[in-house]
There are 2 protein chains.
Amino acid sequence: MAKQKKQPRPKAITPKGFRDYFGAEVTARKQMLDQIAEVYHRYGFDALETAAVETVEALGKFLPDVERPNAGVFAWEEEDSGWVALRYDMTAPLARVFAQHRNDLPTPYRRYAMGPVWRNEKPGPGRFRQFYQCDADTVGTASVAADAEICAMLSDTLEQVGIERGDYIVRVNNRKVLNGVMEVAGVLDPSDPEKFEAERGIVLRAIDKLDRLGETGVRALLGAGRKDASGDFTDGAGLTEAQADVVMGFMAAKRETGALTVARLRELVAGSAVGAEGVDELETIAELLAAQGYASDRIEIDPAVVRGLGYYTGPVYEAELTFEVLDEKGNKRQFGSVAGGGRYDDLVKRFTGQEVPATGVSIGVDRLLAALTAKGRVDTRTAGPVVVTVMDKARMADYQTMVAELRQAGIRAEVYLGNPKNFGNQLKYADNRHSPIAIIQGGDEAVAGVVQIKDLILGAKIAENATLEEWKSRPSQIEVPRDELVAQVQAMLKGQSDDSET
Amino acid sequence: MAKQKKQPRPKAITPKGFRDYFGAEVTARKQMLDQIAEVYHRYGFDALETAAVETVEALGKFLPDVERPNAGVFAWEEEDSGWVALRYDMTAPLARVFAQHRNDLPTPYRRYAMGPVWRNEKPGPGRFRQFYQCDADTVGTASVAADAEICAMLSDTLEQVGIERGDYIVRVNNRKVLNGVMEVAGVLDPSDPEKFEAERGIVLRAIDKLDRLGETGVRALLGAGRKDASGDFTDGAGLTEAQADVVMGFMAAKRETGALTVARLRELVAGSAVGAEGVDELETIAELLAAQGYASDRIEIDPAVVRGLGYYTGPVYEAELTFEVLDEKGNKRQFGSVAGGGRYDDLVKRFTGQEVPATGVSIGVDRLLAALTAKGRVDTRTAGPVVVTVMDKARMADYQTMVAELRQAGIRAEVYLGNPKNFGNQLKYADNRHSPIAIIQGGDEAVAGVVQIKDLILGAKIAENATLEEWKSRPSQIEVPRDELVAQVQAMLKGQSDDSET
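Cut-off values and rules
Residues numbered from 1 in each chain as written. Chains lettered and ligands numbered in written order. Predicted model: local features only at pLDDT ≥ 70, side-chain atom pairs only at ≥ 80, totals over all residues. Heavy atoms only, no water. Helix = DSSP H or I, 4+ residues; strand = E, 2+ residues; numbered from the N terminus. Rg over C-alpha atoms; globule rule 2.2 N^0.38 Å. Contact = heavy atoms within 4.5 Å. Areas by Shrake-Rupley, 256 points an atom, 1.4 Å probe, with all protein chains shown as cover. Lys, Arg positive; Asp, Glu negative; His and termini not counted. Charge placed at Lys NZ, Arg CZ, Asp CG, Glu CD. Least-squares fit on C-alpha atoms with pLDDT ≥ 70 in both. Pairing = 2+ DSSP bridges. Axes fitted to C-alpha atoms, helices over the stretch in contact; angles between N-to-C directions. Expected span 1.5 Å × (residues − 1). Buried < 20%, exposed > 50% of the residue type's maximum accessible area, 1.4 Å probe, protein only. Disulfide = S-S within 2.5 Å. Buried area = accessible area lost by both parts, 1.4 Å probe. Salt bridge = Lys/Arg side-chain N within 4 Å of Asp/Glu carboxyl O. Polar contact = N/O pair within 3.5 Å; in protein donor to acceptor, adjacent residues only side chain to side chain. Nonpolar A, V, L, I, M, F, W, Y, C, P; charged D, E, K, R; others polar. Parallel < 35°, antiparallel > 145°, perpendicular 65-115°, else oblique.

### A word on the overall build of chain A
- On a plain count of helices and strands, chain A comes out with 18 helices and 19 strands.
- In terms of overall size, chain A is more extended than a compact globule, its C-alpha atoms giving a radius of gyration of 30 Å where 502 residues would be expected to give roughly 23 Å.
- For chain A, the spread of C-alpha atoms along the three principal axes comes to 95 × 75 × 55 Å.
- Counting only contacts in chain A whose residues sit at least 6 apart along the sequence, the fraction spanning at least 24 positions is 67%.
- For chain A, the exposed area adds up to about 22,500 Å²; of that, 50% sits on carbon and sulfur atoms.
- Averaging the locations of the 62 positively and 76 negatively charged side chains of chain A gives two centres separated by 7 Å.

### Examining the relation of the copies chain A and chain B
- Its rotation angle being 180 degrees, the transformation that places chain A on chain B also includes 0.0 Å of axial translation and leaves an RMSD of 0.1 Å. On the angle and the small slide along the axis, the relation comes out as a two-fold axis. Minimal C-alpha distance to the rotation axis in chain A is attained by tryptophan 76 of chain A, lying at 3.0 Å.
- Both copies share a contact surface, since 100% of the interface residues of chain A are interface residues in chain B too.

### Let's talk about the sheet that holds strand 11 (residues 299-301) of chain B
- Spatially, 1(A)-2(B)-6(B)-7(B)-14(B)-13(B)-12(B)-8(B)-11(B) is the arrangement adopted by the 9 strands of the open sheet, whose pairing is mixed. Edge positions in the sheet fall to strand 1 (21-22) of chain A together with strand 11 of chain B, since each of these pairs with one other strand and no more.
- Strand contacts of helix 1 (residues 24-42) of chain B: strand 6 (109-118), strand 7 (130-139) and strand 14 (358-364) of chain B, with the helix running at about 5 degrees to strand 7 of chain B, the strand carrying the most contacts.

### Concerning helix 13 (residues 396-408) of chain B
All names here are of chain B.
- Here helix 13 spans 18 Å end to end across 13 residues, near enough to the 18 Å set by a 1.5 Å rise per residue.
- Met396, Tyr399, Gln400, Thr401, Met402, Val403, Ala404, Leu406 and Arg407 are the residues of helix 13 that are buried.
- Following helix 13 by one or two positions, glycine 410 has its phi on the positive side, about 85 degrees.

### Some points on the state of the cysteines
- Under the defined criterion, the tally for this structure stands at 0 disulfides over all chains.
- In this structure cysteine 134 of chain A is not part of a disulfide, and its nearest cysteine sulfur, from cysteine 151 of chain A, lies 16 Å away.

### Observations regarding the interface of chain A and chain B
- Across the boundary between the two partners, chain A contributes 96 residues, which contact 96 residues of chain B.
- Of the roughly 8,100 Å² buried between chain A and chain B, counting both surfaces, carbon and sulfur atoms make up 53%.
- Among the residues of chain A in contact with chain B, Glu49, Arg407 and Leu417 of chain A are the three that bury the most area, contributing 9% of the side total.
- Scanning the region where chain A abuts chain B turns up 16 salt bridges.
- Note that aspartate 46 of chain B is salt-bridged to arginine 412 of chain A, the shortest N-O span being 2.8 Å.
- The tally of links between chain A and chain B comes to 56 residue pairs in polar contact (both at pLDDT 80 or more).
- Of the residues belonging to the side of chain A that touches chain B, the class tally is 47 nonpolar, 25 polar and 24 charged.

### So, the side chain of threonine 141 of chain A
- Within the element layout of this structure, threonine 141 of chain A appears in the loop between strand 7 (130-139) and helix 4 (144-161).
- A distance of 3.1 Å separates a polar atom in the side chain of threonine 141 of chain A from the backbone nitrogen of serine 143 of chain A.
- With residues near it in sequence (within four places) discarded, threonine 141 of chain A still touches Pro108, Ala146, Arg343, Pro357 and Ala358 of chain A together with Leu417 of chain B.

### What about unusual backbone geometry?
- Omega for the peptide link from threonine 107 of chain A to proline 108 of chain A comes to 0 degrees, which places this bond in the cis form.
- You can see proline 108 of chain A is positioned in the loop between helix 3 (91-101) and strand 6 (109-118).
- Here histidine 434 of chain A, not a glycine, exhibits a phi torsion of approximately 55 degrees, which is positive.
- Counting through the fold element by element, histidine 434 of chain A comes out in the loop between helix 14 (423-432) and strand 17 (437-440).
- Non-glycine residue phenylalanine 196 of chain B carries a positive phi angle of around 65 degrees.
- Tracing the backbone shows phenylalanine 196 of chain B in the loop between helix 5 (175-185) and helix 6 (197-208).
- The exposure class of phenylalanine 196 of chain B is partly exposed, given its relative accessible area of 28%.

### Things to note about the pairing of strand 6 of chain B
Residues and elements named next belong to chain B.
- For strand 6, the tally of buried residues reaches 9 of 10 residues, placing the bulk of the element in the interior.
- Two elements, strand 2 (residues 46-49) and strand 6, share 2 bridges in a ladder whose sense is parallel. By the bridge assignment, alanine 47 is partnered in strand 6 with tyrosine 112.
- Across 10 bridges, the pairing between strand 6 and strand 7 is antiparallel. Bridge pairing links arginine 111 to aspartate 137 in strand 7.

### Quick look at the packing of helix 1 of chain B against helix 12 (residues 365-374) of chain B
Residue and element names in this part refer to chain B.
- At a minimum axis distance of 11 Å, the contact between helix 1 and helix 12 shows a crossing angle of 105 degrees. As far as their axial angle goes, helix 12 and helix 1 are roughly perpendicular. Taken together, the residues of helix 12 that come into contact with helix 1 (itself represented by Ala28, Arg29, Met32, Leu33 and Ile36) are Val365, Asp366, Leu368, Leu369 and Leu372.

Any functional reading would require information that these geometric values do not contain.
Rendered as structure tokens:
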């Protein structure tokens, strides 16, 4: 009889574009999200948690920046629900929730949401298919006071998580002003809003690339098109020189103060009703923020901010970190954008037919965490546990008792549960765990009623620098009565934490 | 030309079996998870967060209790990763992670994980397709000290989240003892482990149903089979009366103390090597727990605990809440199981071929939260914000300034951002938001430099009970100088919180 063919073993890998997060990677993110939630809560925003899975119908058939149906999402068909998909952002589920529960929710509805979203896009270095977003939105008010509030909250949030004032700037603009400029430039006809739509799309994307392409590159895109370094050609918007001048003038409209910028913008959109409305809104936002003490060192009007997404209809804003970091090539560069958002008035309408004005911000959690790490504001190591070593397997109950006492005193602690035969392995394990202290009690010590407490951090310092007399004068291992175990461990931990502060 | 057919509007609904969580539903769960994580951390467990999506190959093709491939999971095919699925528990991803990263992880590896899991099962009342799990596992040690530790941790965790001692019991058993009993009963042949597998499956499921079916029902299942109230017939294991006696004796083996129970079990498995090993392990666990002070009011040996899952290989444990709640029909019943787990030694072997012993527990987060809510230990309401009302739209900057001051003092506060025309709507909104206080400043008050502070909680009490002189003597609205706004709001909030404590 033929032997049954052995099944190949499954591969222990994640699907492409997914990853695991260990220890401090999890807890540091959690701590940051907690701090953000605290600010959002203080601003009156309520938590909302939707499921990961939505119907494709409710999500809308495409990502904001993607035209193909279902492109960019993880979608599949279920017998009883039809096509469903993993949410690709927090805004589409919010629109569904508000449409579904609007009679039970307060209006305006301020809500925050934090959690993973999924994008079925090509993964790359640092680009994963599951990542965190942290959003706050106000649904059901057209007042730009809601936009101003979110800008203020964004500023407070960044300071709360540890980005110092001066290391960030929240920049505000208004799509209506941009539409006014488009009107003046002759690529928007108020009586036929769909005319020139393709051209305006190219203009929008060109403005968004000012940082990267510079003025010449953007001008090329506004005009005949642009060939990049690799020889690829991108079609331009076909604007005349005079039309392009209007757009370029808009991007360069930022002045010393908000009031001067507003005045300059008012000149630029002269004759456009929507443009004037947009400038009025910016002026109101600036006044509201000034009244609350948010000066231009925190929040400023900047006409170069457009935000890529097509669905914004009014104020747009983004938070940029202004300190420099080294990129992969060792070049200094500004850290860049960590959050953005704006006003979108049409999302709920898809469901109900009624226009529901809304505005909101999304923080790129992973980028913000990377920034905090670069600033040294993140605990990248979890405090290791005190490790109670096992000298005599038969006396496991004694060791467990020690560890129980330590835990009851609030000290992170564990017994070594591997094979205790090789004591060196136990200390290697403690090292791997970043343990601050090891506890040792052999048979003689048990009889004598004592334990050894080994300072692993001091021990490592002495090993690193054997000439450092300061350390040598302090013993890295002490013998204490068994009933002083907890008190002595507490004292040693305190000494270590005092050392690390100096 | 025919008019284009209008697209029907999308339905604002979740897929079947999914739901939204609002406000306190989110924050109460988060608070409970934070408390659990604190205990897990203190016990030396490290956080791990895996992605929601795994390859079907890595997950294994079926849920523990489901025989059909892919039944019970949400799975779909991706071009670049093949078949993938949403995780249905936290254990299968842990096995994958340990197999993948074992060279970089400490051994033993203590890890905790909390987050949603997904089951493609028929939803029902209170049964959703996405729900939270909160697991802790120790991978890489065969020592039953690891099992004892998890039982102790489970006990500490329940007390930490607010289940008082006496309101829960952690019950421990050992699959090896059960196998010994099977051997004695003649339904396990150590030289041919696969023989009688079907019968043992029926016996296991029968024991698991003791609570529900009683002794007679279980006996029927052990023997010829059982017809239930609806007339459905379940096949029995076909045991003789004498064989069934052995199994029933096992379930009734619990004695006054752990030591007596162990002695009784030792009699029952006399002659079975694996049975004796299992009893030894239970004895060790009992000793270790006793040494740490966990008496039988917290953790006890109970032979009736078998845990349904086929993959357990040694100690099994579960936490049961022993207080009574009213069920849907108004009958008192015990709350029942909120956590369970045990030792499983084969999960990592699927990937590496090496046996890696592991043990772990999973807390049913939603059930535990329901229990805490039943005990009144959960904040089911989010503290509402102080609402600054808008008497004059043109003075929005003044109102925003008030709210900014309150927020800077750490007080949850917001400006009313809806249409301010109807003042009654503003107070209705404040009520809907469970606001403790409303701030009012009309034009005259602005000129006079004062604000009105309205105590909405006191106001509601007075409205509820107009004869309550105690309340009437306290004004529910006070006028204070504008620059005392923050201090007076703080004082009023303190008064409210003092009231609610008495």
